Amino acid sequence: MNCWHCDRPAHGICRFCGRALCRDHVKTMPFLLEIYKGKDGDHKAIVVEDTLYCGICKPRESPVILKELE
Ligand SMILES: [Zn+2]
Ligand SMILES: [Zn+2]
């Protein structure tokens, strides 16, 4: 697979959208892995720092609530 930006061999893949990225074009961003409700009733998030990011896609800062799934 080749880099989305420059078409050279890719070294990684954007965690958010799956685009391939070479070392020159890869960016990093915290990735929100999971949200759960703590014992005190607060919502807490597990965040992974420095996951690969393409710089093109736009991950939302807050997750979308999927009411229909419950
Ligand atoms: Zn590139
Ligand atoms: Zn992306």
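Residues numbered from 1 in each chain as written. Chains lettered and ligands numbered in written order. Predicted model: local features only at pLDDT ≥ 70, side-chain atom pairs only at ≥ 80, totals over all residues.

Let us look at the pairing of strand 3 (residues 27-37). Two elements, strand 3 and strand 4 (residues 43-53), share nine bridges in a ladder whose sense is antiparallel. In the strand pairing of strand 4, Lys-37 is matched with His-43. Between strand 3 and strand 4, which follow one another and run antiparallel, lie five residues, and Gly-41 among them has a positive phi close to 90°. (Pairing = 2+ DSSP bridges. Helix = DSSP H or I, 4+ residues; strand = E, 2+ residues; numbered from the N terminus.)

To continue, consider the nonpolar core. Within the largest apolar cluster, six residues are counted, these being Cys-3, Cys-14, Ala-20, Leu-21, Tyr-53 and Cys-54. Aside from chain neighbours lying at most four places away, what touches Cys-54 is Trp-4, Cys-14, Cys-17, Arg-19, Leu-21 and Lys-27. (Core = buried A, V, L, I, M, F, W, Y, C linked by C-beta atoms within 7 Å. Buried ≥ 20, exposed ≤ 12 C-beta atoms within 10 Å, placed from the backbone. Contact = placed C-beta atoms within 7 Å.)

Now for unusual backbone geometry. In this structure, Asp-7 takes a positive phi of about 70° despite not being glycine. Within the fold, Asp-7 resides in the segment before strand 1 (12-13). With 10 C-beta atoms counted inside 10 Å, the residue Asp-7 sits in the exposed group. The backbone of Asp-50 sits at a positive phi, close to 60°, despite the residue not being glycine. Relative to the helices and strands, Asp-50 resides in strand 4.

Read these as spatial facts, not as claims about activity.
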